[in-house]
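Now for the letters of each chain:
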Amino acid sequence: MILLMECTKVQWNAERRLAMNANTKRQETSFSRFFWITLSLIVLLATSLFLSPYSPVRAATPTLVVNANQVLHPVTHVASGGLYGLGSDSTPDDSMVIPLHPKVFTQMAPGGHQQPNGQAPGGDALVVAAKAARAGAKVTIRMPDYYPNFPYQWVSWSNWLSVVDGQIAAVKAATSVKNIEAWELWNEPDWTWNTTSAGSFNAGWVRTYQEVRSKDATTPIVGPSISYYNASYMSSFLSYAKANNALPDIICWHELGGQGSIANDISSYRSLEASLGISPRPIAIDEYATTSEVGIPGSLVGYIAKFERGGVDYANLAFWNKYGTFNDMVINNNQPNGAWWLYKWYGDMTGNMVITTPPAQTGLDGAASINSAGNMVSVILGGGSGNNAVTINGLSAFGPIATVTLEYVASSGRTSPSAGPTVLSTTNYSISNGSIMVPINNMNSTGAYHLLITGSDTPSPTPTVSPTRTPTATPTPTVNPTPTPTPISGASCSVHYAITNQWTGGFGASLTITNTGSTAINGWTLQFSFPNGQTIT
């Protein structure tokens, strides 16, 4: 637009001189009015006919920034586990567990009687340990879930210490089990610990800690496992535990009230830890997401992103409904819903996690990785609605062109299977100063999106799954934008193709052509073809 206006201004100055030479002020005034009307029309036409380097994404568009050359840490799938995600050695089916590469499950105490939501006891840590191991995961044992009720009904100190001793003996007897992550001494003591009968929780923690360490000197201990991050509660607990040589090896709390405070909670804990002179502990969030968020892919992406950015060691989806559903991602033991596909994309990540920056702590967010070869970036994102964008920096080694495959998985709800992701587009973008910007329009906040970015010399990525829901009429275009025959210095463009609607026997689609260079292009053409004989009407 700037270049176009400058060219028009030069032309008008020449014509204005002609009018002045004719010494006709009325003609000059008339021409000025004519010029501004004409210029306004040109500007409006240029919006649709000329390729401006500043369209179609505007500055106000919410944008997730990915810095592919800034490593966070190796990929470990931090947020891929669940509380009671495993119901037995056969539920859910291994085909629903292994592809997600879960890191840690928190499960019921050996021989436990916990009956959440009135269900029969399930998810015994020693029963499911082998299943977790087949997926490369470890198991944290929630010790108070030996008891049947929640909140727990305190019996006595002698009973509790006997329960603790029995669990440790059971684990030692299970010599084939090698993947116990930690002992969780209590769950949500900020409201489930019976101070009237058992005394203060801080003193109770120390007593239980000492009992465990007298029988097991090496397995990590996790706590205090409070229901939400409370700096005052945590300060009191840590101070008392430190003074009594009973600090947990892994610090734990829950994030069950939404994701908006996660970054601040982690920062607050790290500051508290340092102020108390405590060496940095791994952080576990062994319950996350609200009752309305589980099973909804767009609602869960932000949790993954924030736990990765915050350096959390492991995080588990909350258990709200039923054993053996991998926390509301699996239906009928072997059918995935939309959320499962999000975690499949996450589970497919390899190499290193890289830094992402969202526009805010709620809404659009995402996590990203770069493979060990340094030639493929994977981005999962969601939570945004309407028109959004992703800027990927650090692509200088990818060559002049980046190929971006965009996939989408809709939310199928917590209890309905999903047919899997749909490939929305595969587009070439010119890399400028190591960066590209990918617009994603008409985002649905309940669904999740996936970008695979490869360079000019990298084989094109294979999408997660061949879409089975799209009708045969859905095109896979080969887009070849052809600028004017005479090359223009600084001119380049990219094309984004997306299906906007589809029905039996037809579909709707949008084409967005973006000038990625520094020069306006006039007289351009676009050529593309459909591989299966589809036609445009």
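Above this text is the structure in question.
Quick caveat, the model's predicted, so the values are computed rather than measured.

## Section: the overall build of the protein chain
Phase 1: Counting its regular elements, the protein chain contains twelve helices and 23 strands.
Phase 2: Here the protein chain holds 537 residues, and 51% of them are scored as buried.
Phase 3: Within the protein chain, counting contacts between residues at least 6 apart in sequence, those at least 24 apart form 76% of the total.
Phase 4: Accessible surface for the protein chain amounts to roughly 23,100 Å². Of this, 54% is attributable to carbon and sulfur atoms.

## Observations concerning the nonpolar core
Phase 1: By size, the foremost hydrophobic cluster in this structure holds 87 residues, and its most contacted members are Trp160, Trp205, Met234, Trp253, Tyr288, Phe307 and Tyr343.
Phase 2: Excluding residues that lie within four positions of it along the chain, methionine 234 makes contacts with Pro224, Ile226, Tyr229, Ile251, Cys252, Trp253, Tyr269 and Leu272.
Phase 3: Grouped together as the second largest cluster of nonpolar side chains are 28 residues, Val66, Leu424, Tyr449 and Ile453 included.

## Looking at the packing of helix H8 (residues 201-215) against helix H9 (residues 231-243)
Phase 1: Remark: H8 packs on H9, axes separated minimally by 10 Å, with the N-to-C direction vectors making an angle of 40 degrees. Relative to H9, the element H8 lies oblique. Helix-helix and strand crossings are classified by hand; for H8 and H9 the assignment is right-handed. Seen from H8, the contacting residues are Phe201, Asn202, Ala203, Trp205 and Val206; seen from H9, they are Tyr233, Ser236, Phe237, Tyr240 and Ala241.
Phase 2: Of the residues belonging to the contact of H8 with H9, the class tally is eight nonpolar, two polar and no charged.

## A closer look at the pattern of salt bridges
Phase 1: Applying the stated criterion to the full structure yields 15 salt bridges.
Phase 2: Of the charged contacts in the structure, one is a salt bridge between arginine 134 and aspartate 94, with a shortest N-O distance of 2.7 Å. Of the two residues, arginine 134 sits in helix H4 (residues 125-134) while aspartate 94 sits in helix H3 (residues 94-97), which places them 40 residues apart along the sequence.
Phase 3: Because the salt bridges share partners, they merge into one network encompassing Asp89, Asp94, Lys131 and Arg134.

## Side note on the packing of H9 against helix H10 (residues 262-275)
Phase 1: Interhelical geometry of H9 versus H10 gives an angle of 30 degrees and a closest axis separation of 11 Å. Taken together, the axes of H9 and H10 are roughly parallel relative to one another. Seen from above, H9 lies across H10 with right-handed handedness. The residues of H10 that touch H9, namely those facing Ala231, Met234, Ser235 and Leu238, are Ser268, Tyr269 and Leu272.

## Some remarks on the side chain of histidine 450
Phase 1: Turning to its location among the elements, histidine 450 is positioned in strand S19 (residues 448-454).
Phase 2: Within the structure, histidine 450 has its side chain in polar contact with the side chain of serine 378 (distance 2.8 Å).

## Quick word on the pairing of strand S13 (residues 365-370)
Phase 1: Judged by how many residues are buried, S13 sits mostly within the fold: six of six residues are covered.
Phase 2: Burial along S13 is two-sided: Asp365, Ala367 and Ser369 and Gly366, Ala368 and Ile370, pointing in opposite directions, are all buried.
Phase 3: Where strand S12 (residues 352-357) and S13 come together, three bridges link them in antiparallel fashion. Note that in S13 the partner of valine 354 across the bridge is alanine 368.
Phase 4: Alignment of S13 against strand S14 (residues 376-382), held across six bridges, turns out to be antiparallel. Opposite aspartate 365, over in S14, you have glycine 382 as the bridge partner.
Phase 5: Counting the residues in the hairpin turn of S13 and S14 gives five residues, including glycine 374, whose phi is positive at 75 degrees.

## What to know about the packing of aromatic side chains
Phase 1: Taken as a whole and judged by the stated rule, the model has 28 aromatic pairs.
Phase 2: Ring plane angle 85 degrees and centroid distance 5.1 Å describe the contact between tryptophan 160 and tryptophan 186, whose orientation is recorded as edge-to-face. Of the two residues, tryptophan 160 sits in helix H5 (residues 157-173) while tryptophan 186 sits in the loop between strand S5 (180-184) and helix H6 (189-192), which places them 26 residues apart along the sequence. Of the two residues, tryptophan 160 and tryptophan 186, both sit in the buried class.
Phase 3: Lying across the ring of tyrosine 209, arginine 213 places its NZ or CZ 5.6 Å from the centre.

Cut-offs and rules
- Residues take numbers from 1 onward in each chain, read along the sequence in its written order.
- Residues qualify for local features only when their pLDDT is at least 70, as the model is predicted, and side-chain atom pairs are given and counted only at 80 or more; totals for whole chains, interfaces and linings, by contrast, use all residues.
- In computing side-chain values, all of the structure's heavy atoms are included and hydrogens and water are not.
- Runs of H or I in DSSP of at least four residues are treated as helices and runs of E of at least two as strands, each being numbered from the N terminus.
- When accessible area is computed with a 1.4 Å probe and restricted to protein chains, residues below 20% of their type maximum are described as buried, those above 50% as exposed, and intermediate ones as partly exposed.
- Residue contacts are counted whenever heavy atoms from the two residues lie within 4.5 Å of one another.
- Areas reported here follow the Shrake-Rupley algorithm with a probe of radius 1.4 Å; residue values treat only the protein chains shown as occluding.
- Within this scheme, the nonpolar core is defined by two criteria: the residues are buried Ala, Val, Leu, Ile, Met, Phe, Trp, Tyr or Cys, and they are joined through side-chain atoms within 4.5 Å.
- With axes taken as lines fitted to C-alpha atoms, and helix axes fitted only over the stretch in contact, angles between N-to-C directions fall between 0 and 180 degrees.
- Here roughly perpendicular refers to angles of 65 to 115 degrees, roughly parallel to angles under 35, roughly antiparallel to angles over 145, and oblique to all remaining angles.
- Handedness of each helix crossing follows the sense of rotation of the near helix against the far helix: counterclockwise by less than a right angle gives left-handed, clockwise gives right-handed.
- Any residue that is not Ala, Val, Leu, Ile, Met, Phe, Trp, Tyr, Cys, Pro, Asp, Glu, Lys or Arg is counted as polar, Gly included; the first ten are nonpolar and the last four charged.
- We count a salt bridge whenever a side-chain nitrogen from Lys or Arg sits within 4 Å of a carboxyl oxygen from Asp or Glu.
- Residues adjacent in sequence count toward polar contacts only when both atoms are side-chain atoms; beyond that, a polar contact is any pair of N or O atoms within 3.5 Å, and within protein one must be able to donate a hydrogen and the other to accept it.
- Two strands form a pair only when DSSP identifies at least two bridges running between them.
- In this analysis, rings of Phe, Tyr and Trp, with Trp reduced to its six-membered ring, are considered paired at centre separations within 6.5 Å, and the interplanar angle assigns stacked below 30 degrees, edge-to-face beyond 60, and tilted for intermediate values.
- Whether a charge sits over a ring depends on NZ of Lys or CZ of Arg being within 6 Å of the ring centre and within 35 degrees of the ring normal.

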